[in-house]
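# Fold and contact review
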Amino acid sequence: MIAELLRKTPVVPLVQADEPQVALKTAMALKEGGLAVVEVVLRTDAALDCLETIATEAPEIVVGAGTVLSLRQAEEAKRRGARFIVSPGLNEEIVCFCQSNEMDVFPGVVTASEVQRAFNLELRTVKFFPAGLSGGAPMLKALSSVFREMQFMPTGGVSAGNLKEYLSLSSVIACGGSWLTPSKEIEAGNFEAVTQLAREAVEIARSAGG
Ligand code: 3PG
């Protein structure tokens with residue numbers, strides 16, 4: 001289970017790439033900056049190859065699959081080496097598959113009714129997506145005051161500018177986001193910039209008490 005790892009460094013960068021070697025270099029750059037848990041989003045044709053390459057060539061990195069929309073995708077991601085699954089919404093088939101395979105799963109929720117559905121499925125950690133547009137930290141505070149056992153991973157609109165605000169909430173286990181992997185820098189081969197962004201996030205997490 002990755003909860004322990006996230007407690008140490010509560011930031012999950014998104015990796016989106018068309019080339020497995022680019023995904024690998026991005027993940028290594030993030031690791032170099034102190035972030036060893038990464039989420040490869042299934043939004044490119046090469047995403048599963050990217051995930052598999054990171055899982056096999058950099059086993060010290062904990063790689064999960066994001067934007068998982070179907071059971072078939074979850075099964076394939078697991079087969080290719082995903083250690084956890086993230087979805088934008090709550091798909092019970094995916095949740096049950098992960099639970100029966102003892103795999104961490106973070107389905108996206110926003111409303112109290114969605115959190116309740118997740119709670120009923122025995123989930124205690126969910127993604128809060130899209131965080132910024134759904135009320136941000138104040139909304140999370142309100143949800144956490146009633147769902148006291150629930151832990152959240154806000155994603156969507158998180159940046160270095162608001163990371164501390166989210167991580168200061170005791171119900172936030174980690175924040176996810178793409179601000180750590182800007183496509184402009186990656187396309188230019190500037191992986192040092194990715195490492196710097198990761199370092200900055202680690203520093204912010206430290207200052208938030210994470
Ligand atoms: C996701 O897949 O979780 C979101 O696209 C992340 O949103 P961000 O790009 O605003 O970080």
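This report concerns the structure included in the present document.

So, how was this worked out
- Residues numbered from 1 in each chain as written.
- Predicted model: local features only at pLDDT ≥ 70, side-chain atom pairs only at ≥ 80, totals over all residues.
- Heavy atoms only, no water.
- Core = buried A, V, L, I, M, F, W, Y, C linked by side-chain atoms within 4.5 Å.
- Buried < 20%, exposed > 50% of the residue type's maximum accessible area, 1.4 Å probe, protein only.
- Helix = DSSP H or I, 4+ residues; strand = E, 2+ residues; numbered from the N terminus.
- Contact = heavy atoms within 4.5 Å.
- Arc of directions from axis to C-beta.
- Polar contact = N/O pair within 3.5 Å; in protein donor to acceptor, adjacent residues only side chain to side chain.
- Axes fitted to C-alpha atoms, helices over the stretch in contact; angles between N-to-C directions.
- Parallel < 35°, antiparallel > 145°, perpendicular 65-115°, else oblique.
- Left-handed = near helix turned anticlockwise from the far one by under 90°.
- Nonpolar A, V, L, I, M, F, W, Y, C, P; charged D, E, K, R; others polar.

### Some details on the nonpolar core
Among the nonpolar cores identified, the biggest contains 66 residues, and Leu 30, Val 40, Ile 54, Ala 65, Ile 85, Phe 152 and Leu 163 are the most heavily contacted of them. Residue contributions to this core peak at 7 residues, all from helix α10 (residues 191-207). Val 40 has contacts with Val 15, Ala 47, Cys 50, Leu 51, Ile 54, Val 63, Gly 64, Ala 65 and Gly 66, leaving out every residue within four places of it along the chain. Formed by 11 residues, the second largest nonpolar core is a distinct cluster that contains Val 12, Val 86, Phe 106 and Ala 174.

### Details of helix α5 (residues 92-100)
Within α5 the residues assigned to the buried category are Ile 94, Val 95, Phe 97 and Cys 98. One side of α5 carries all its buried residues, which in axial view fall inside an arc of 165°. Among the exposed residues of α5, those oriented more than 90 degrees off its buried face are Glu 93 and Ser 100. In this fold, the buried residues of α5 make contact with α4 (71-79), β4 (84-87) and β5 (104-109). The N-cap of α5, judged by a side-chain oxygen 2.9 Å from the amide nitrogen of Glu 93 a few residues on, is Asn 91. Of the residues one or two after α5, Glu 102 is the one with positive phi, at around 50°.

### Quick notes on the side chain of Ser 171
Structurally, the position occupied by Ser 171 is in the loop between α8 (163-167) and β8 (175-177). For Ser 171, a relative accessible area of 9% translates into the label buried. Within the structure, Ser 171 has its side chain in polar contact with the side chain of Ser 144 (distance 2.7 Å). Residue contacts for Ser 171: discarding those within four places in its chain leaves Ser 144, Met 150, Gln 151 and Phe 152.

### What to know about the packing of α4 against α5
Across the interface, α4 lies against α5 with an axial gap of 8 Å and an inter-helix angle of 30°. When the interaxial angle is binned, α4 and α5 end up roughly parallel. The two elements α4 and α5 cross, and the hand of that crossing is right-handed. Of the residues in α5, those touching α4 at Leu 71, Ala 74, Glu 75 and Lys 78 are Glu 93, Ile 94 and Phe 97. Its residues assigned to classes, the contact of α4 with α5 shows 4 nonpolar, no polar and 3 charged.

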